[in-house]
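Tertiary structure, described
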Amino acid sequence: MTPRPIHTPNRPPAVIAIVLFAIAVITYWDASQMTTRAAYGMSASAASYFVALLFAVLAVGHLVSAFKPSNVEVEVADWKAVGWIGLALCGLIGSIWLGGGFILGSTLLFALTAHAFGRRAFLVDLCLGAAIGVFVFLLFNKLLTLALPQGPLEKLF
Amino acid sequence: MRNFMKYGLMAAIVGSVLSFGSLSATAQDLELTITAPAGAGGGWDSASRSLQEAMMATGNAKSVQVVNVPGAGGTVGLAQFIGSAKGSPNQLLVAGITLVGASISNKSPVNLTQVTPLARLTGDPLVIVVSKDSPIKTIDDLLATIKTDVAKTIWVGGSAGGADHILAALVTKAAGADPAKINYVAYSGGGESLAAMLGGQATAGVSGYGEWEGQIKSGDLRALAISYPEPIEGIEAKPLKAQGLDIELVNWRGIFAGPDVQGADLDALKAAVDNTVKSEQWQAILKARGWSDYYAPTDEFKTFIASENDRVRSILTSIGLAD
Amino acid sequence: MDSISFLIEGFALAIQPANLIYAAIGVMIGTAVGVLPGIGPALTVALLLPVTFKLDPGGSIIMFAGIYYGGMYGGSTTAILLNTPGESASVVTALEGNKMARSGRGGPALATAAIGSFVAALIATLGLAFLAPILVKVAVKFGPWDYFGLMLIAFVTVSATFGSSPMRGLTSLAFGLWLGLMGIDQLTGQARLTFGVPELLDGVEVTTLAVGLFAIGEAFLVASRHLHKPEKPIPVKGSIWMTKEDWGRSWKPWLRGTVLGFPIGALPAGGAEIPTFLSYNIERRLSRKPQEFGQGAIEGVAGPEAANNASAAGTLVPLLTLGLPTSATAAVMLAGFQQYNIQPGPLLFTQHADLVWGLVASLFIANVMLLVLNLPLVGMWVKLLKIPLPWLYAGILVFASMGTIAANPSVVELLLLTGFGVIGFLMRRYDYPIAPAVVGLILGPLADNALRRSLQMSLGDPMILFQHPSSAIMIAIATIALIAPFIFRGLSRFQHDED
């Protein structure tokens, strides 16, 4: 139960500073590519330049704070569980991308997420996930006439 | 899960209400999918769902499903349709003039000349208005104002590059000013631009006639002209053409099949659409929705699409939205 | 007064047994569909429009009113219980509401949301009945410069959600502003930051960002802590009803939320989000227990929820008096009216007085029905949190992704949702507040458009912002609100000499 502070002095702010600076550069570049100018007033690129500047300033701010002693305690993470959730979301995306349909996707999402939280009854979770998927699919497609992505399973209904 | 059981109950209620309307048609066994390249609730979506209703009620199709693919003025839906409906005997797409403009201004690799036109369905006039207190009384007054100072003539209307913007540019050009100098303030829809008109923040406004009809009838806005080629019954404002300007622009919607659909498949789709459009049910829907019939059969529609594509491109180029 | 006798006639229409049943069906369907995330009131009404076609105009408009208000209620339930805002206007509700729900105070949070919505909708519907013609005259005078002033005020209030470090708060806000740039610019039609991906041309959906950062980011975080620091939401602690103290802390925020929400909702481009931000900020400043904000303060649920529902009634002001659809929901309702050849507009009140007042009366009735329907449900809803943790989060993820897919069935949208989930996780892990990002995404494009429209109308002269007294005053308020805390902090530091 005791939070174990890991001393990762100054690394996160430095990394974030680099990311922020990269975003600033991308935004600046994107704005400089915009050719259409407004006939009157400000062009659409003005807001982009403003945001780019804001990011640059924040990057400098983070860089400065990277050289100060850090007061943020970062706790230990169970990266395996995070990975399982990532996998669960990939399962959904993959299923829809590759034409596996909504029911298969949400079944995978449900079962893999439950696994990430330490459940080990994978088969039961698959069945439960599939039941929810079928129910949601029928609710949306038949009653609300909102077409969810269809795969082989959905064609059965 | 408890909440899902609750949904089940709700769903049963929804179901019992919905089932009043769904009747099964058996005359033909077409099982169609209509792609509406816009989110649920918009113009193309309601056209698709109306067509769905009419096709099933008249028995011209066994089942019709509407799929919404929103994004980028319809070009996302169009690209997806071109990919999935190639040679398909049961896929349809509803689209209109906005998609012609969007595929040009978004520099999209796909456009409406790549799909197979079936029929033009509806066409709504645009209207040019000024505020009731405006010194501008006629379209000629407006042209004179534009000629005097094109920058201070503030137009309001729908999004940049859309039909409203195109009409404003055509009028500016007709007045003898440079359409690239037009001061057109784009709003997200007829509602916000109407507020800007009523608030007196603009010189002139453009919108679909139907959206501003209430204000025109009540006298809050003065309609100078409509963009339809002929006068329309019940609309007092005269067409631009009748007032000496060679401008016509109609916000049309039509129905398309996928690329490379030919022979018997194409004939079956054509027949189903034509029979539906000629039915009483479809006419009743047009009336209820306030849409003007702008039907054109396949061949006429095909040449129309090609000419609209060229025309819209040249106007968008002149206002600097396309190269 | 004329209005009163019309209203009584309206009630006579709405109270007929058949119409009461329509209203009841409407609120139930509206609530059921409205709880789905990604399916806000607009989509709810759009999807259920065909259901109402089968009825006569009076009956269908009454059912409509029920669906509309029901959809508004539904959005807050998931925000409080599952940290999954159903629509952008419920984002603020999730901030405090979910914290309350996790500490066993979900009952009072749902109750204050429901009763607050009731009170707000009741007052705002009265306002709709009697103030609409006056209010709308002011509303259309609101120019782009005035909107810019209003956006500035809203921006300043964001600092209330910054948490411990202004720099981290600003970074989060900047992230939201950056996302807001994405897509086709409305004024010039060119694409910003879309990197050639056509799906990005419409920009980033607020609900995708909110659900990704809030719900999915949290699932990641809780999973990552599961081994070391298992945290289980407490379904019920203490009374599931509002205590006397809860009532005492709620009633003023309800009223203040209503006062903010109704007029801003009546503005043609006011929307429901801005009043919820403003209300949250005001309640934080006025609360006697400001330290509870961020930990689950009931005022932070009561005020924004009232503001949200009052603005929903406010939206009907321009719709009914001018035929001006100022929100997606209103646009769909307009289509509904047109089904019956009824053109909302300046003539609606005279030509179809019976229908308008029938609608207003049925809004009252729908409101009462919603309260009756929702309060008993509170007990059932909080039991949701009793579901075992693995299933609870698995269910939340399925629920969240399903709303996103239903609104826009594209892989890009799902990738965005997942990406935002990961970013939300990292932001929580490194103590960055997430609400400012959502606020930046909502306000950024609005402020950008308002400023550029102003400058376009003035041919580039920035003085237009100060020439109109209304916008000048709002810009002054924003400036003072921005500077004042620094001065006060400086003063108190000077007095206490703490550091």
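Residues numbered from 1 in each chain as written. Chains lettered and ligands numbered in written order. Predicted model: local features only at pLDDT ≥ 70, side-chain atom pairs only at ≥ 80, totals over all residues. Heavy atoms only, no water.

Going by what an unreviewed UniProt entry lists, chain B is known as Putative tricarboxylic transport membrane protein and is assigned to Mycoplana azooxidifex. Recorded in UniProt for chain B, the comment headed Sequence similarities (unreviewed entry) runs: "Belongs to the UPF0065 (bug) family." (UniProt positions renumbered as here; feature names shortened; annotations may be inferred.)

As recorded in an unreviewed UniProt entry, chain A goes by the name Putative tricarboxylic transport membrane protein, listed as coming from Mycoplana azooxidifex.

Side note on the overall build of chain B
Counting its secondary structure elements, chain B contains eleven helices and ten strands. Counting across all 323 residues of chain B, residues that qualify as buried make up 60%. Put simply, of all contacts in chain B between residues at least 6 apart along the chain, 76% involve residues at least 24 apart. Of the roughly 12200 Å² that chain B leaves accessible, carbon and sulfur atoms contribute 51%. (Helix = DSSP H or I, 4+ residues; strand = E, 2+ residues; numbered from the N terminus. Buried < 20%, exposed > 50% of the residue type's maximum accessible area, 1.4 Å probe, protein only. Contact = heavy atoms within 4.5 Å. Areas by Shrake-Rupley, 256 points an atom, 1.4 Å probe, with all protein chains shown as cover.)

A word on the overall build of chain A
When you go through chain A residue by residue, the secondary structure sums to five helices and zero strands. Moving toward the C terminus, one meets the helices and strands of chain A in the order α-α-α-α-α. Of all 157 residues assigned to chain A, the portion counted as buried reaches 46%.

A few points about unusual backbone geometry
Residues and elements named next belong to chain C. Even without being a glycine, D431 presents a positive backbone phi close to 65 degrees. By the secondary structure assignment, D431 is in the loop between α17 (411-429) and α18 (435-457). Even without being a glycine, L459 presents a positive backbone phi close to 60 degrees. Examined against the element boundaries, L459 turns out to sit in the loop between α18 and α19 (464-467).

Focus on the packing of aromatic side chains
The geometry of an aromatic ring pair is captured by the separation of the ring centres together with the interplanar angle, meaning the angle of the planes. Summed over the entire model, instances satisfying the criterion amount to 14 aromatic pairs over all chains. The interplanar angle of 75 degrees and the centroid separation of 6.0 Å between the aromatic rings of W79(A) and F425(C) together place this pair among those described as edge-to-face. Linking W79(A) in helix α3 (residues 79-97) with F425(C) in helix α17, this pair reaches from one chain into another. Classification of F425(C) as buried rests on a relative accessible area of 3%. Members of the aromatic cluster, each reached through a chain of ring pairs, are Y228(B), W252(B), F256(B), Y294(B), F301(B) and F304(B). Across the ring face of Y294(B), the terminal group of R120(B) is positioned such that the distance to the ring centre comes to 3.8 Å. R168(C) extends its terminal NZ or CZ atom over the ring of Y432(C), reaching a point 5.9 Å from the ring centre. (Phe/Tyr/Trp six-rings, centres within 6.5 Å; stacked < 30°, edge-to-face > 60°. Lys NZ or Arg CZ within 6 Å of the ring centre and 35° of its normal.)

A look at the environment of D78(A)
All names here are of chain A. Note that D78 resides in the loop between α2 (45-66) and α3. Classification of D78 as buried rests on a relative accessible area of 14%. Distance in space between the C-alpha atoms of D78 and A116 is 9.9 Å, their sequence separation being 38 residues.

Describing helix α6 (residues 106-141) of chain C
Helix length check: α6(C) (36 residues) gives 42 Å between terminal C-alpha atoms against 52 Å at 1.5 Å per residue, more than 12% under. At L131(C), α6(C) is deflected by roughly 80 degrees, the largest bend along its length, and proline P133(C) occurs up to four residues later in sequence. (Expected span 1.5 Å × (residues − 1). Bend = angle between axes of the 7 residues up to and from the residue.)

Looking at the environment of G94(A)
Residues and elements named next belong to chain A. With respect to the helices, strands and loops of the structure, G94 is situated in helix α3. Accessibility expressed as a relative area gives 23% for G94, which makes it partly exposed. Put simply, G94 and G105 are eleven residues apart on the chain and 7.6 Å apart in space, counted from C-alpha to C-alpha.

Description of the nonpolar core
In terms of nonpolar packing, the biggest core is built from 310 residues, with L112(B), W155(B) and W252(B) touching the most fellow members. With 17 residues, α6(C) is the single largest residue contributor to this core. Residue contacts for L112(B): discarding those within four places in its chain leaves L78(B), L93(B), A95(B), G96(B), L99(B), V100(B), W252(B), F256(B) and I305(B). Of all hydrophobic cores here, the second largest spans six residues; its members include V67(B), A72(B), V76(B) and L201(C). (Core = buried A, V, L, I, M, F, W, Y, C linked by side-chain atoms within 4.5 Å.)

Examining the interface of chain C and chain A
At the junction of the two partners, chain C supplies 61 residues and chain A supplies 61 residues. Across the interface of chain C and chain A, roughly 5600 Å² is buried in total on both sides, 79% from carbon and sulfur atoms. Across the contact surface, chain C and chain A share zero salt bridges. Here chain C is connected to chain A by six residue pairs in polar contact (both at pLDDT 80 or more). Every element with two or more residues in the side of chain C that touches chain A is listed here: α3 (41-53), α8 (166-181), β2 (191-192), α9 (206-225), α16 (389-407), α17 and α18 of chain C. If one sorts the elements of the side of chain C that touches chain A by residue count, α16(C) sits on top with twelve residues. Of the residues assigned to the side of chain C that touches chain A, the class counts are 41 nonpolar, eleven polar and nine charged. (Buried area = accessible area lost by both parts, 1.4 Å probe. Salt bridge = Lys/Arg side-chain N within 4 Å of Asp/Glu carboxyl O. Polar contact = N/O pair within 3.5 Å; in protein donor to acceptor, adjacent residues only side chain to side chain. Nonpolar A, V, L, I, M, F, W, Y, C, P; charged D, E, K, R; others polar.)

Thoughts on the side chain of D30(A)
Tracing the chain through its elements places D30(A) in helix α1 (residues 11-32). Despite its burial, D30(A) remains without a salt bridge, the nearest opposite charge being carried by R192(C) at 6.8 Å. Excluding residues that lie within four positions of it along the chain, D30(A) makes contacts with R192(C) and L193(C). (Lys, Arg positive; Asp, Glu negative; His and termini not counted.)

Here's the deal with the packing of α3(A) against α17(C)
It is at 9 Å that the axes of α3(A) and α17(C) come closest, and there the two elements cross at 165 degrees. As judged from the angle between their axes, α3(A) and α17(C) are roughly antiparallel. Taken as a pair, α3(A) and α17(C) cross one another with a handedness that is right-handed. Here W79(A), V82(A), L89(A), L92(A), I93(A), I96(A) and W97(A) of α3(A) lie close against α17(C), whose contacting residues are V411(C), L414(C), L415(C), T418(C), F425(C) and R429(C). Among the residues making up the contact of α3(A) with α17(C), the classes are represented as eleven nonpolar, one polar and one charged. (Axes fitted to C-alpha atoms, helices over the stretch in contact; angles between N-to-C directions. Parallel < 35°, antiparallel > 145°, perpendicular 65-115°, else oblique. Left-handed = near helix turned anticlockwise from the far one by under 90°.)

Observations concerning the pattern of salt bridges
Enumeration over the complete set of coordinates arrives at 21 salt bridges over all chains. Close ionic contact of K241(B) with D246(B) constitutes a salt bridge, the shortest N to O distance being 3.9 Å. Assessed through its relative accessible area of 71%, D246(B) is described here as exposed. D448(C) is the salt-bridge partner of R192(C), the closest N and O atoms lying 2.9 Å from each other. Here R192(C), found in strand β2, pairs with D448(C), found in helix α18; they are 256 residues apart in sequence, far enough to count as distant. Using a relative accessible area of 4% as the deciding quantity, one classes R192(C) as buried. The exposure class of D448(C) is buried, given its relative accessible area of 9%. One network of salt bridges, with partners in common, ties together E245(C), R249(C), K289(C), E292(C) and E299(C).

Details of the pairing of strand β6 (residues 183-186) of chain B
Burial along β6(B) is two-sided: N183(B) and V185(B) facing one way and Y184(B) and A186(B) facing the other are all buried. Crossover handedness for the path strand β5 (residues 154-157) of chain B to helix α6 (residues 163-174) of chain B to β6(B): right-handed. (Right-handed = clockwise from strand over helix to strand, strands pointing away.)

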